[in-house]
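Summary of the model geometry
Spelled out, the chains give:
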Amino acid sequence: MKRPMAIAATVVVVVAALVWFVMARRPAPKPPATAPAIPVATVRMGIVERTLALAGRVGPAAGTQTKLAFSIPGTLRHIDVTLGEGVAQGAALAELNATPLALAAQQAQADAQAARAQEAYAQIDRVSVKLRVDEAELARQRVLFAAGVVAQRDVEAALAIVANDRAGVQGAQEQLALAQAQASSASTRAVAAGYALSLGTLRAPVDGVVVGIYAQAGEVVDVSTPIVAIAPNATNFATLDVPVVDVARIAAGDLVHVRAGGRQFDARIGGIAPAVDPATGLAVVGVTGVPSDIPPGTPMDATVVYGHVRGLVVPQSSLVADPQTGEMIAFVQTSSGNGGIVFTPRHVTASVQSGDLVLVNGLRLGERVAVQGAIDLLAPPSNSGN
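Rules and cut-offs
- Residues numbered from 1 in each chain as written.
- Predicted model: local features only at pLDDT ≥ 70, side-chain atom pairs only at ≥ 80, totals over all residues.
- Heavy atoms only, no water.
- Helix = DSSP H or I, 4+ residues; strand = E, 2+ residues; numbered from the N terminus.
- Buried < 20%, exposed > 50% of the residue type's maximum accessible area, 1.4 Å probe, protein only.
- Areas by Shrake-Rupley, 256 points an atom, 1.4 Å probe, with all protein chains shown as cover.
- Salt bridge = Lys/Arg side-chain N within 4 Å of Asp/Glu carboxyl O.
- Pairing = 2+ DSSP bridges.
- pLDDT = per-residue confidence, 0-100.
- Contact = heavy atoms within 4.5 Å.
- Phe/Tyr/Trp six-rings, centres within 6.5 Å; stacked < 30°, edge-to-face > 60°.
- Lys NZ or Arg CZ within 6 Å of the ring centre and 35° of its normal.
- Core = buried A, V, L, I, M, F, W, Y, C linked by side-chain atoms within 4.5 Å.
- Lys, Arg positive; Asp, Glu negative; His and termini not counted.
- Expected span 1.5 Å × (residues − 1).
- Arc of directions from axis to C-beta.

Topic: the overall build of the protein
Secondary structure summary: the protein contains five helices and 20 strands in total. Taken across its 386 residues, the protein has 30% of its residues classed as buried. Only carbon and sulfur atoms are counted for the fraction: they give 58% of the accessible area of the protein, which is about 23500 Å².

As for the pattern of salt bridges
Overall, the coordinates contain three salt bridges when judged by the stated rule. One salt bridge in this structure joins Asp246 and Arg249, with 3.8 Å as the shortest N-O distance. Taking relative accessible area as the criterion, Arg249 reaches 41% and is therefore assigned partly exposed. Here Arg364 and Glu367 are joined by a salt bridge, their closest N and O atoms 2.9 Å apart. Judged by its relative accessible area of 52%, Arg364 falls in the exposed class.

Digging into the sheet that holds strand E4 (residues 74-79)
Taken together, four strands build an open sheet; the order of strands is E7-E6-E4-E9 and the sheet is antiparallel. Strands at the two margins of the open sheet, each flanked by one partner only, are strand E7 (201-203) and strand E9 (220-221). Bridging between E4 and strand E6 (residues 92-96) involves three bridges; their strand directions are antiparallel. For Leu76, the partnering residue across the bridge sits in E6 and is Leu96.

Quick look at the sheet that holds strand E3 (residues 66-68)
Taken together, the four strands give an open sheet; going across it, the order is E3-E10-E8-E5, and neighbouring strands pair in antiparallel fashion. Bordering the open sheet on either side are E3 and strand E5 (86-87), each of which pairs with just one other strand. Sheet analysis places E3 next to strand E10 (residues 228-231), joined by three bridges and oriented antiparallel. Within the sheet, the bridge partner assigned to Lys67 lies in E10 and is Ala229.

Some words on the pairing of strand E13 (residues 263-273)
Sheet topology note: the strand E12 (residues 255-260)/E13 ladder contains six bridges and is antiparallel. The residue of E13 that forms the bridge with Ala260 is Arg263. Counted along the chain from E12 to the antiparallel partner E13, the turn is two residues long, and its residue Gly261 has a positive phi close to 60°. In terms of strand pairing, E13 meets strand E14 (residues 282-288) through five bridges, oriented antiparallel.

Some points on the confidence of the model for the protein
Averaged over every residue, the pLDDT of the protein is 77; residues scoring 70 or more account for 78%. pLDDT under 50 marks residues 30-35. Its contacts with residues more than four places away, or in other chains, come to two contacts. Counting interchain partners and residues more than four positions distant, the pLDDT-below-50 stretch residues 382-386 has one contact.

Section: the packing of aromatic side chains
For the structure shown, the criterion picks out zero aromatic pairs. Lying across the ring of Tyr214, Lys67 places its NZ or CZ 5.3 Å from the centre.

So, the nonpolar core
Core analysis: the largest hydrophobic core is formed by 22 residues, its most contacted members being Leu240, Ile250, Val258 and Met300. If you list the elements that add at least two residues to this core, you get strand E2 (44-58), strand E11 (237-243), E12, E13, E14 and strand E15 (299-315). Not counting residues within four places of it along the chain, the set of residues in contact with Leu240 comprises Leu54, Ala55, Gly56, Ala283, Val284, Val285, Val287, Met300, Ala302 and Val304. Counting 18 residues, the second largest nonpolar core, distinct from the first, contains Ile72, Leu76, Val221 and Ile230.

Things to note about the environment of Asp356
Tracing the sequence through the fold places Asp356 in the loop between strand E18 (341-354) and strand E19 (357-361). Judged by relative accessible area, which is 46%, Asp356 ranks as partly exposed. Along the sequence, Asp356 and Val48 sit 308 residues apart, while their C-alpha atoms lie 9.9 Å from each other. Ignoring anything within four residues of it in the chain, the contact list for Asp356 reads Val314, Pro315, Gln316 and Ser317.

Observations regarding the side chain of Asp322
As for its placement among the helices and strands, Asp322 is situated in the loop between strand E16 (320-321) and strand E17 (328-335). The side chain of Asp322 sits in the buried core without any salt bridge; Arg346 is the nearest counter-charge, 13 Å away. Beyond its immediate stretch of four places on either side in the chain, Asp322 contacts Glu327, Ile329 and His347.

Things to note about helix H3 (residues 128-146)
Under the 1.5 Å per step criterion, the end-to-end length of H3 is 27 Å for 19 residues, consistent within 8% with the ideal 27 Å. Three or more residues of H3 are buried, namely Ser128, Leu131, Asp134, Leu138 and Gln141. Each buried residue of H3 lies within a common arc of 130° when the element is viewed along its axis, so the set occupies one face. Pointing more than 90 degrees away from the buried face of H3 are the exposed residues Arg132, Val133 and Val143. The first or second residue beyond H3 is Gly148, which carries a positive phi of 80°.

Next up, the structure:
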């Protein structure tokens, strides 16, 4: 009995050893494939800024100054400012000898007053009442004539008086119209004389600093003689160079995101000079609200916000260029048949970008798209392991 049992035990050990040997030589099964861990973002409604990227410098444009001259000739009476003086918009810079202009303005005012008085006098109705009385008398004479009380010549005399009265009414109306026209003309001349008198004072068109004085008191000047030059204040001011085709998009007051002197801040468009600089072929736009401690001449990069648009937005990193067609692709997250997650490519169009957000067409609200790594989804699937 013991011998057969020993043989059986030996056989069991040998079989177990063979099974272990065979299993050890088989390759280990591959782990199930898993989708790459790619962050996703949800397609949502958002507002994107319409922007222009421009470059410029802190302070007024190089050599920027405005030479001012009187718009009428005359004798310079005095200069009201000094070099380096800051002036506000509308401040008096210089004055002509205004005596002839003042006399002309006074005469024009007197003429206007006289014309208005004549108009008032002409408006007094002196003939309408007489006309009504004489018309009543004419009617009475006709009744008496019909009754045989008065002669035909009495009716004709009353008729002549009425005709004369009516001519007087017509003449009075014409006289009134003439007086009104003369009063209007005199008032216009008075306004023009007052305006000419105001032109005898040269005023600053904008805030700035006096950087040049070219004439002296007592000098006879004309419209071609520069008197004073002013330049914009450098404090809190900067200039941007703008291509002419983009000038029409910008308006005073537009928000500007600025990077200058290692700092970032927001400023505003202060003014636009659409005239083209012949040296650069660019227009100049002024920016206000620049920190005063940034030195003039510091280069600056600016993004002008000239509008906003609302629509579906996604992060810019979720859009990938198709290497074959160049079209933009977004990978939309969907569920596979076995409950897994897959990313399906979809062609989209991007219209406006602001910062990291892009306004897109071709996606639906609430869909989830791949970001940061979406480029890896363009790679064809690996065939290794076949």
